[in-house]
Amino acid sequence: MRSERFRPPSPQVGVVRSIFGSRHASNLVSTPGIRFDLRAGVSVPSWLVSEQPETNAVTSDDDLPEQMRVRREKRARLLERGVDPYPVEVPRTHTLREIRENHPDLEPDTATGEMVGITGRVMFIRNTGKLCFATLREGDGTELQAMLSLNRVGETALSDWKTDVDLGDHVFVRGEVITSRRGELSVMADEWRLTSKALRPLPVAHKQLAEETRIRQRYVDLILRPQARNTVRSRAAVVRSLRDSFDRRGFVEVETPMLQTLQGGAAARPFVTHSNALDIDLFLRIAPELYLKRCVVGGIEKVFEINRNFRNEGSDSSHSPEFSMLEYYEAYATYDTNATLTRELIQEAATAVAGSHVVTLADGTEYDLSGEWTTLSMYESLSDAVGEQVTPDTSAAELLALCDRHGLEVDPKTGHGKLVEELWEHLVGDHLHAPTFVRDFPVETSPLTRQHRTKPGVAEKWDLYVRGFELATGYSELVDPVVERERLEAQARLGAAGDDEAMPVDEDFLRSLEYGMPPSGGVGMGIDRLLMALTGLGIRETILFPLVRPE
RNA sequence: GGGCCGCUAGCUCAACUGGCAGAGCAGCGGACUUUUAAUCCGCGGGUUCGGGGUUCGAUCCCCCGGCGGCCCA
């Protein structure tokens, strides 16, 4: 219902947004539902200005839950007393981490004489009669205790502390580094002040937040759960490791278009948007492949991109409509050398995040990524699994019979390639746990891959399976522009026949190939999946702000 | 798309067969100069996801809708 209220009627959007584009924000004043642009003298409904729900706006305090009302009243009282609950700057001298590092092992009940100014969010608070305790925390998770005693800060500052400070507030404390009688490293305050008043209470720290709340309010999840903070840092470490690995090997990082005029590079349904300037529909990219290959044609012979792809498909524990992808291409590489480089990239990322090629997953089990990895051939491993020979010549009818015998329901119109892959996933892929390369796929389902140099009917393509899911895929790329055109035209015919995952013919891409692309290898790898592989977390944990339906 | 489960205080959860809507933490008031999920005394806090129905009476049963989760396709 609420989303209905904020959805703009599409025909007006472009017009009104362009009005805003030419006006400075300070010309806007707000009233509860409507905002006026003073200079233009036009009124604009609030849904064009802000997509935030109005439910929790400051307006009517009577409707607020008690605890939020209390905190707002505290803020207002502070302002009346001339105290800014959100000061611009405070004289911080040390981070909490620095103080911990400088004083690793003081005896209990020590006074160092060192005066410091510290800041942090109040995560724990104990207000006793004449001595108060608070545990402060800073961004990296480091905590330090602040103490306020009557004889150091005086009666007013102590009672202000008790009445003004709530769990979750940010505070500044200036005082002496000491240890408490219990031995807790602390700062004994001479003065304190609020640095940011929290208007919402933190959820109780000792109960797990509901999964939905963790995702919808990730900032709260990050405040409360160390694992959430670690995941963000692990992801950053993995991405940095990949970039370093490529940099050391002489690869160049590029950024290719996310707004594209044609969908291409993968079989997937795209998101569609519209360009007002060009008055044409654009697609959010489903893969960067066709642009990276243009780079190789142009002479950027070792090239990679780490960025977002968008696929207008399902959203569940292993799929996100928006996901990060690594693709890299290398001239004179093949799917053999690719496999080695991909293994090294993953092993180096494991070292960056876990310090070892053996990683510890979220459930506490270990996963071994070390050494060389198993390699299977798709047709041979499938033949072994079904107990009879399956080759590129096996007919669709025979494959359908195999599906039937193994309890696999498939559309009887399915062709050879998809049947082989379905059977393989069901009988072999689902049972793979250790890192495994599966090689030599049906040509039919690999339109951008070259035929195997000796084995007829298969393509030089591998998939890498880690912990049973597909982590990466690599190819010896098809660079013959004539064959490529045949493949793309076949895809386009599928598209015309109603397959909305099929690619149209990208004439500019074909033109680039016609200038000559050196023999090359290419690889695609899901960054979110790499994180999942290295940490054992679900995709909605590895993505900071996954797409969720509006509240 | 189908099936099942869930939605109750700021948070995490109770509430027997349909009978006064509760607890812990958090909050408010008070006591306490060494607390670590402190302790003690007192108090407040609810559109039980929304709408409709059955009933003397609905958090509970029925219908429609919303959001989420799990399984299947």
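Higher on the page you've got the structure.
Residues numbered from 1 in each chain as written. Chains lettered and ligands numbered in written order. Predicted model: local features only at pLDDT ≥ 70, side-chain atom pairs only at ≥ 80, totals over all residues. Heavy atoms only, no water.

Peer 1: When you look at unusual backbone geometry in this model, what are you seeing that I'm missing?
Peer 2: For residues other than glycine, phi is negative in most cases, and the peptide bonds are mostly trans. Backbone geometry at Asp279 places phi at a positive 50 degrees, although glycine is not the residue there. Mapped onto the secondary structure, Asp279 falls in the loop between strand E11 (272-275) and strand E12 (280-284). For Asp279, a relative accessible area of 57% translates into the label exposed. Located in the positive-phi region is Tyr332, a residue other than glycine, with phi close to 70 degrees. Looking at the element boundaries, Tyr332 is found in the loop between strand E14 (322-331) and helix H10 (335-354). (Helix = DSSP H or I, 4+ residues; strand = E, 2+ residues; numbered from the N terminus. Buried < 20%, exposed > 50% of the residue type's maximum accessible area, 1.4 Å probe, protein only.)

Peer 1: Is there a simple way to explain the packing of aromatic side chains in this structure?
Peer 2: The geometry of an aromatic ring pair is captured by two quantities: the separation of the ring centres and the angle between the planes. What the rule picks out here adds up to eight aromatic pairs. Aromatic side chains Trp161 and Trp192 sit 5.1 Å apart centroid to centroid with 90 degrees between the ring planes, which places their arrangement in the edge-to-face category. Of the two residues, Trp161 sits in helix H5 (residues 150-164) while Trp192 sits in strand E8 (residues 185-196), which places them 31 residues apart along the sequence. A relative accessible area of 0% places Trp161 in the buried class. Since its relative accessible area comes to 13%, Trp192 is described here as buried. Linked through ring pairs, Phe246, Phe251, Phe304 and Tyr328 together constitute an aromatic cluster. Directly above the ring of Tyr291 sits Arg294, whose terminal nitrogen or CZ lies 4.4 Å from the centroid. A cation over an aromatic ring shows up here: Arg439 above the ring of Tyr335, its NZ or CZ 4.3 Å from the ring centre. (Phe/Tyr/Trp six-rings, centres within 6.5 Å; stacked < 30°, edge-to-face > 60°. Lys NZ or Arg CZ within 6 Å of the ring centre and 35° of its normal.)

Peer 1: Looking at this structure, how should I read the sheet that holds E12?
Peer 2: Strand-to-strand pairing in sheets goes through backbone hydrogen bonds, with the strands running parallel or antiparallel. Read across the sheet, three strands follow the order E10-E12-E11 without closing on themselves; strand pairing throughout is antiparallel. Whereas interior strands pair on both sides, the edge strands pair on one side only; in this sheet they are strand E10 (259-260) and E11. Bridge analysis of E10 against E12 gives two bridges, and the strand direction is antiparallel. Looking across to E12, one finds that Leu259 is bridged to Leu284. (Pairing = 2+ DSSP bridges.)

Peer 1: What's the story with the packing of helix H8 (residues 226-248) against H10 in this structure? I'm lost.
Peer 2: In a pair of packed helices, the angle between the axes and the distance between the axes together describe the arrangement. One way to put it is that H8 packs onto H10 with a least axis distance of 8 Å and a crossing angle of 135 degrees. It follows from the interaxial angle that H8 and H10 lie oblique. Judged by the twist between their axes, the crossing of H8 over H10 is right-handed. Across from Ser234, Ala237, Val238, Ser241, Leu242, Ser245, Phe246 and Arg248 in H8, the residues of H10 making contact are Leu345, Glu348, Ala349, Ala352 and Val353. Its residues assigned to classes, the contact of H8 with H10 comprises eight nonpolar, three polar and two charged. (Axes fitted to C-alpha atoms, helices over the stretch in contact; angles between N-to-C directions. Parallel < 35°, antiparallel > 145°, perpendicular 65-115°, else oblique. Left-handed = near helix turned anticlockwise from the far one by under 90°. Contact = heavy atoms within 4.5 Å. Nonpolar A, V, L, I, M, F, W, Y, C, P; charged D, E, K, R; others polar.)

Peer 1: When you look at the nonpolar core in this model, what are you seeing that I'm missing?
Peer 2: One recurring pattern in soluble globular proteins: nonpolar side chains tend to sit buried together. Core analysis: the biggest nonpolar cluster contains 38 residues, and Leu242, Leu326, Tyr328 and Leu464 have the highest contact counts within it. Elements supplying a minimum of two residues to this core: H8, strand E13 (302-310), E14, H10, strand E19 (458-466), strand E20 (469-476), strand E21 (520-526) and helix H16 (527-535). Looking at which element gives the most residues to this core, the answer is H10, with seven residues. Sequence-distant contacts of Leu464, defined by excluding residues within four places in its chain, comprise Thr342, Ile346, Trp373, Pro435, Thr436, Phe437, Phe469, Glu470, Leu471 and Ala472. Grouped together as the second largest cluster of nonpolar side chains are 25 residues, Leu144, Val177, Leu185 and Ala189 included. (Core = buried A, V, L, I, M, F, W, Y, C linked by side-chain atoms within 4.5 Å.)

Peer 1: What's the story with a negative patch on the surface in this structure? I'm lost.
Peer 2: Together, Glu422, Glu425, Asp430 and Glu470 give the surface a local cluster of negative charge. Relative to the assigned elements, Glu470 resides in strand E20. On the basis of relative accessible area, Glu470 is assigned to the partly exposed category, the value being 32%. (Patch = residues over 30% accessible without salt bridge, like charges linked within 9 Å, V, L, I, M, F, W, Y side chains within 5 Å. Areas by Shrake-Rupley, 256 points an atom, 1.4 Å probe, with all protein chains shown as cover. Salt bridge = Lys/Arg side-chain N within 4 Å of Asp/Glu carboxyl O. Lys, Arg positive; Asp, Glu negative; His and termini not counted. Charge placed at Lys NZ, Arg CZ, Asp CG, Glu CD.)

Peer 1: Is there a simple way to explain the side chain of Gln260 in this structure?
Peer 2: Relative to the elements of secondary structure, Gln260 occurs in strand E10. Judged by relative accessible area, which is 4%, Gln260 ranks as buried. From its side chain, Gln260 meets the backbone oxygen of Pro257 in a polar contact 3.0 Å long. When sequence neighbours within four positions are dropped, the list of residues in contact with Gln260 reads Leu282, Phe283, Arg285, Ala287 and Tyr291. (Polar contact = N/O pair within 3.5 Å; in protein donor to acceptor, adjacent residues only side chain to side chain.)

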